[in-house]
Amino acid sequence: MPAPSHNSPSPAVPAGSGHSRRDLLKQFGGTAAAVALLAAMGPLGAAAPAAAAPTADRRIKKLLGRLTLDEKISLVHGATDPERLGQAGYLPGVPRLGIPELRLTDGPAGVNVVASATGLPPVATLAASFDRELAREYGELLGREGRTLGLDLQLAPQMELSRAPYFSRNKDQTGEDPYLNGQLAAAQVQGIQAQDMLAQAKHYLANNQRYGEFDRTRPDDPAANFDFRVDDRTLHEIYLPAWEAVVQAGVASVMAAYNHLNGEWNAENRTTLTGILRGELGFDGFVTSDWGATHSISLEAGLDMQMPDGSFFGAPLKKAIEDGTVPESALDTAVGRILGQYDRFGMLDGTRKPAPQTIDVEAGARTARKVAAQGAVLLANDGGLPLSRSALASLALIGPTAAQVAVSVAGERAYGFEDRMVSPLDALKKTLGDGHDVSYSVGVDLTGTAVPASVLTPAGGEGHGLTRKPADGGEAAADPTVDPAVDFTGDAALPAGSSCSWTGTLTPPSSGEYALKIQAWGAAAKLTLDGREIASAGTARDGFARKWSSIVPTTDGLDNGQATARLEAGKEYRVGITATGWAKGVHGRGPVQVRFAWVTPERRAADVKAAARLAKKVHTPVVFAFNGSGGTTGGSGDRTTLALPSHQDELIEAVAAANRNVIVVLNVGDPVTMPWRDKVGTILLAGYVGQEGGWSTADLLLGKAVPGGKLTVTYPRKEADHPVLDPAHPERYYGVDNTVTYTEGIFVGYRHFDREGIEPLFPFGHGLSYTRFGYDRLSVRGAGDGLEVAFTVTNRGRRRGAEVPQVYVGPAAGAPVEMAARSLAGFERLDLAPGESRRVRVRVSARQLSYWDTDNQRWVLPTAPRPVYVGSSSRDIRLTGTGTAGNR
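What you are looking at is a predicted structure, and each value in this text was computed from that prediction instead of being measured.

Overview of the overall build of the protein chain
For step 1, the next point in the chain: Within the protein chain, the regular secondary structure consists of 20 helices and 40 strands.
For step 2, the next point in the chain: Looking at the protein chain as a whole, 63% of its 888 residues qualify as buried.
For step 3, the next point in the chain: The long-range fraction of contacts in the protein chain, counting pairs at least 24 apart against all pairs at least 6 apart in sequence, stands at 76%.
For step 4, the next point in the chain: A total of about 31300 Å² of accessible surface is found on the protein chain, and carbon and sulfur atoms cover 49% of it.
For step 5, the next point in the chain: Distance between charge centroids for the protein chain: 6 Å, based on 91 positive and 97 negative side chains.

A short note on the pairing of strand 5 (residues 198–204)
For step 1, the next point in the chain: Burial analysis of strand 5 places 7 of its 7 residues in the buried class, which makes it a mostly covered element.
For step 2, the next point in the chain: Across 2 bridges, the pairing between strand 4 (residues 153–154) and strand 5 is parallel. Considered in strand 5, the bridge of Gln154 is made with Ala199.
For step 3, the next point in the chain: Handedness of the crossover joining strand 4 and strand 5 through helix 7 (residues 178–193): right-handed.
For step 4, the next point in the chain: Direction of pairing for strand 5 relative to strand 7 (residues 253–256): parallel, over a ladder of 3 bridges. Bridge pairing in strand 7 links Gln200 to Ser253.

Section: the pattern of salt bridges
For step 1, the next point in the chain: Per the counting criterion, the structure on display carries 56 salt bridges.
For step 2, the next point in the chain: Note that Glu744 is salt-bridged to Arg163, the shortest N-O span being 2.6 Å. Here the residue Glu744 occupies a position in the loop between strand 29 (739–741) and helix 20 (750–756), and Arg163 occupies one in the loop between strand 4 and helix 7, the gap between them amounting to 581 residues.
For step 3, the next point in the chain: Residue classification places Arg163 among the buried positions, given a relative accessible area of 1%.
For step 4, the next point in the chain: Of the charged contacts in the structure, one is a salt bridge between Asp172 and Lys171, with a shortest N-O distance of 3.1 Å.

Some remarks on the sheet that holds strand 9 (residues 264–265)
For step 1, the next point in the chain: Here we have 4 strands laid out as an open sheet, ordered 9-8-6-29, and mixed in their pairing. At either margin of the open sheet sits one strand with a lone partner, and together these are strand 9 and strand 29.
For step 2, the next point in the chain: Pairing analysis gives 3 bridges linking strand 6 (residues 227–229) to strand 29, with the strands arranged parallel. The residue bridging Phe228 from the neighbouring strand is Val740, located in strand 29.

Some thoughts on helix 17 (residues 601–617)
For the α-helix, the turn length of 3.6 residues means that residues three or four positions removed from each other point alike.
For step 1, the next point in the chain: Over its 17 residues, helix 17 runs 25 Å from end to end, which matches the ideal 24 Å to within 8%, given 1.5 Å per residue.
For step 2, the next point in the chain: Here the buried face of helix 17 lies against strand 12 (395–398), strand 13 (438–441), strand 20 (512–521), strand 25 (593–599), strand 26 (620–626) and helix 18 (648–658).

Focus: the packing of helix 6 (residues 132–148) against helix 13 (residues 361–374)
For step 1, the next point in the chain: With their axes 11 Å apart at the nearest point, helix 6 and helix 13 run at an angle of 150° to one another. When the axes of helix 6 and helix 13 are compared, the pair comes out roughly antiparallel. Here helix 6 runs over helix 13; the crossing is left-handed. Of the residues in helix 13, those touching helix 6 at Leu134, Glu137, Tyr138, Leu141, Arg144 and Glu145 are Ala363, Gly364, Thr367, Lys370, Val371 and Gln374.
For step 2, the next point in the chain: Of the residues assigned to the contact of helix 6 with helix 13, the class counts are 5 nonpolar, 3 polar and 4 charged.

Here we look at the pairing of strand 27 (residues 663–667)
For step 1, the next point in the chain: A large share of strand 27 lies buried, amounting to 5 of its 5 residues.
For step 2, the next point in the chain: Because side chains alternate across strand 27, one face comprises the buried residues Ile663, Val665 and Asn667, and the other comprises Val664 and Leu666, equally buried.
For step 3, the next point in the chain: In the sheet, strand 27 pairs with strand 28 (residues 682–685) via 4 bridges, with the strands oriented parallel. Across the sheet, the residue bridging to Ile663 is Thr682, located in strand 28.

With respect to the side chain of Asp196
For step 1, the next point in the chain: Its location among the elements puts Asp196 in the loop between helix 7 and strand 5.
For step 2, the next point in the chain: Buried and without a salt bridge, Asp196 has Arg147 as its closest oppositely charged side chain, separated by 4.9 Å.
For step 3, the next point in the chain: Within polar-contact distance, the side chain of Asp196 engages the backbone nitrogen of Lys353 at 2.7 Å.
For step 4, the next point in the chain: Excluding residues within four positions of it along the chain, Asp196 makes contact with Arg147, Phe345, Thr351, Arg352 and Lys353.

Some words on unusual backbone geometry
For step 1, the next point in the chain: Cis geometry marks the peptide bond from Lys202 to His203, where omega comes out at 0°.
For step 2, the next point in the chain: Topologically, His203 is positioned in strand 5.
For step 3, the next point in the chain: Cis geometry is adopted by the peptide bond preceding Leu205, which originates at Tyr204 and carries an omega value of 25°.
For step 4, the next point in the chain: Residues other than glycine seldom take positive phi values, yet Asn738 does so here, at roughly 65°.
For step 5, the next point in the chain: Mapping Asn738 onto the fold places it in the loop between helix 19 (693–702) and strand 29.

Description of the side chain of Ser129
For step 1, the next point in the chain: Mapped onto the secondary structure, Ser129 falls in the loop between helix 5 (123–127) and helix 6.
For step 2, the next point in the chain: Leave out the neighbours within four places in its chain, and Ser129 touches Leu134, Gln374, Gly375, Val804 and Arg829.

Some points on the packing of aromatic side chains
For step 1, the next point in the chain: A full pass over the atoms with the stated rule returns 20 aromatic pairs.
For step 2, the next point in the chain: Pairing Tyr166 with Tyr733 gives two aromatic rings, centres 5.5 Å apart and planes at 90°, and the pair type is edge-to-face. Of this pair, Tyr166 sits in the loop between strand 4 and helix 7 while Tyr733 sits in the loop between helix 19 and strand 29, and the two are 567 residues apart along the sequence. Exposure class is identical for Tyr166 and Tyr733. Each is buried.
For step 3, the next point in the chain: Look at Tyr750 and Phe764: their rings are 4.7 Å apart centre to centre, the planes differ by 20°, and that puts the pair in the stacked class.

Looking at the confidence of the model for the protein chain
For step 1, the next point in the chain: In this model, the protein chain carries a mean pLDDT of 92, and residues with pLDDT of at least 70 account for 92%.
For step 2, the next point in the chain: Under a pLDDT of 50 for its full length, residues 1–11 has, in the predicted model, 20 contacts with residues more than four places off or in other chains.
For step 3, the next point in the chain: Overall, residues 630–635 carries pLDDT values under 50, and its contacts beyond four positions in sequence, including any with other chains, amount to 26 contacts.

Topic: the sheet that holds strand 36 (residues 837–844)
For step 1, the next point in the chain: The strand order across the open sheet formed by 3 strands is 30-31-36, and the pairing between neighbours is antiparallel. The open sheet is flanked by strand 30 (773–783) and strand 36, the only strands paired with a single partner. Taken over all neighbouring pairs, the strand axes of this sheet differ in orientation by 15° on average, direction set aside.
For step 2, the next point in the chain: The pairing of strand 30 with strand 31 (residues 786–795) spans 9 bridges and is classified as antiparallel. Residue pairing in the sheet places Val780 in a bridge with Val789 of strand 31.

Focus: the environment of Asn262
For step 1, the next point in the chain: Along the chain, the position of Asn262 falls in the loop between strand 8 (260–261) and strand 9.
For step 2, the next point in the chain: Look at Asn262 and you get partly exposed, because its relative accessible area is 30%.
For step 3, the next point in the chain: Asn262 sits 35 residues away from Asp227 along the chain, and the two C-alpha atoms are 6.4 Å apart.
For step 4, the next point in the chain: One polar contact links the side chain of Asn262 to the main-chain amide nitrogen of Val230, over a distance of 2.9 Å.

So, empty space enclosed by the protein
For step 1, the next point in the chain: Taken as a whole and assessed by the stated rule, the structure comprises 7 cavities of 30 Å³ or more.
For step 2, the next point in the chain: Each pocket or cavity is described by its volume, and for the largest cavity that value is around 450 Å³.
For step 3, the next point in the chain: Every element with two or more residues in the lining of the largest cavity is listed here: helix 7, helix 8 (232–239), helix 9 (241–248) and strand 34 (823–827).
For step 4, the next point in the chain: Partitioned by chemical class, the residues of the lining of the largest cavity number 15 nonpolar, 8 polar and 7 charged.
For step 5, the next point in the chain: Considering only enclosed or pocket space, the second largest cavity measures out at about 200 Å³ in volume.

Thresholds, definitions, all that
Residues numbered from 1 in each chain as written. Predicted model: local features only at pLDDT ≥ 70, side-chain atom pairs only at ≥ 80, totals over all residues. Heavy atoms only, no water. Helix = DSSP H or I, 4+ residues; strand = E, 2+ residues; numbered from the N terminus. Buried < 20%, exposed > 50% of the residue type's maximum accessible area, 1.4 Å probe, protein only. Contact = heavy atoms within 4.5 Å. Areas by Shrake-Rupley, 256 points an atom, 1.4 Å probe, with all protein chains shown as cover. Lys, Arg positive; Asp, Glu negative; His and termini not counted. Charge placed at Lys NZ, Arg CZ, Asp CG, Glu CD. Pairing = 2+ DSSP bridges. Right-handed = clockwise from strand over helix to strand, strands pointing away. Salt bridge = Lys/Arg side-chain N within 4 Å of Asp/Glu carboxyl O. Expected span 1.5 Å × (residues − 1). Axes fitted to C-alpha atoms, helices over the stretch in contact; angles between N-to-C directions. Parallel < 35°, antiparallel > 145°, perpendicular 65-115°, else oblique. Left-handed = near helix turned anticlockwise from the far one by under 90°. Nonpolar A, V, L, I, M, F, W, Y, C, P; charged D, E, K, R; others polar. Polar contact = N/O pair within 3.5 Å; in protein donor to acceptor, adjacent residues only side chain to side chain. Phe/Tyr/Trp six-rings, centres within 6.5 Å; stacked < 30°, edge-to-face > 60°. pLDDT = per-residue confidence, 0-100. 1 Å grid on protein atoms, 1.4 Å probe; cavity = no way out; pocket = protein on both sides within 12 Å on 5 of 7 lines; lining within 4 Å. Points joined across faces, edges and corners; volume = space filled by probe spheres on them.

See the structure below:
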């Protein structure tokens, strides 16, 4: 038919599939390449749940008939594990019927239990690799180590879209694009489940910020628990594609998120749990609540399991069934879904793959190092990297994450093997060997020094120091006394189990911003200022503790709680410190170490000046900058600014003023602003780097590894440029009348920047290399109900390097809805030797060319020709063409 004019509506046809993806996954062996192929074929529009195999179906029905009501109920809510492995959740099983226990471990970056496991870089670093096979390898490691440590289900992958740059969990996610999110999440699922470990994708649905998300202390207060409003088209085109991808990949379980969505809690939302997840997407696994996210007996809405307890799905559920409020058939449906996954993974008939007996530490280390290297993004390079001979002859590293490796921040990850955590500074020195002197300056002191007696006054108002008393709930460490400083560390540590409090006042000698720190191990410690808690450290959970209150522990190995306060000279501030020794059941219990430390404004200024003086003396200073110093990034609270914390912009400005050869290495997990950008020519986004990240960072600086990562989120020049932080739209993040409304619609991330013509600081998909690549020979043709895009990429430099060519599609002329100027539709990571060329073929599915018709509740494929863009980023377009989907 003739092409429509640009002024007439674009003819459209329903976009469908008709393929059985689970069957195809089996045929292709479940590889990441198979996941990519199936995604290219296009997700289902309204798929029915896959039917269970007849034998398995009969087995489940037989079990349901033999289970008592109490036994059924025990399978739909969490309980306490008698073995206390430290995992997140536990189901006891029914031994008399051969139904095993189920142990659920936190993720998404490693196995988070008492025992040590590989400390992987977080998912944001993995995602920057744009590498499906590496994502599958990442998942395989989670599954393998989880099975080794006695676990059955991994709470991974995490799949929220990075909509809001303030969101504290962005470091655990794959970025702002739905296609990329789905591709990498599906690959992780395949990797995890290839080890016969169940994967639980989280957090469903539209869970994109902590602010207003959920306050478990006030669950019925709208002011603390916002409603998040997302229109139907935006849900289908932006927030559901990744969930569809993991359903197609066969994910065993889904976690319902904390927040409200369109007026309902996610854990009791029939529309999303039953209508969309099961009805449209074809999910046939089981749905678990996030921990504490259950608000009712919501079995009939589609929730199958409450975690971590039975406050609704325990005794209240039994009563509801007995009095006829809830039909027992609803319970049977939930238990059947759960047992169906047990059966699928060989947990009922003994065919489950045997678990490895020990963790292969070296294999885990290789994966962690690979992820850190391949996920590094070279944002800018004026020739500073790789380091030249001149630079290596006179080199200085500056910043705390140069001398201590920035594994990650906050929890829900494997902490890693501490004895393998080598800093970039030490890795550089060891790699270079004798004859290379690498200088160091802290720049920003995250450890500080004990607050001296001279500024402390005990309770009662006489003398210097703080009054110590035994605290309630623990063994008395000593009779009430006055300590000149709270610095009970090393040989001065208090006996195991000691619990004490210190009170008094602090009188600062000068006005300004103070960094106040509570540092502890062997005890949970808290610091209050004028009655308000401002920092904590050493808190044990699930029978163990980790040193993740800050991006790095103290230099002497304590957990490092951080806070800042602007204090006035001569004014008295009430100080309270408590240290509660770990209970006898806590893993690693030992002497109680606790310190109250600070960095004064004068010390901070002196550290910046010392760094600048060192920078002036050397050929090349390398500043390591970070965020997450107080545990906010990745923790329970969102960020409140995109600026680097701890006055690091000031540090970088000072070093850049002293030496124009400055290089900045960023250990961050989400966008930051860079007011110093025009003064710094070379910037490497290393991200959070995992336990092996010191070595990978050294490799990247030296050119032993070549950065090939790409940005998964847009970096704005200023906060107001971002669609969610636009001050004209407070409803998008801060909410209006306790409601956050996604009024940006489908224009998330780079789509917004393109629509509004805003120049970002660095665009989505951006990332340089130590070599350069050429693109040519573009071909676009109709293929089935989609497009096939082919082109050639050539390494035109002198070094081997990695490139990620990206395919974007533009809008259909005359479409009845506004479409994005460019949407990612394909990518491929290439590793090319100097002079090597590779022909790349990308299949663009009908789904990626379609829009969601809200009136008719279906996908519609416009028939107009589509612009096709191929480039090195969303803004660095090298080739353009046009294609029309064929074979309708």
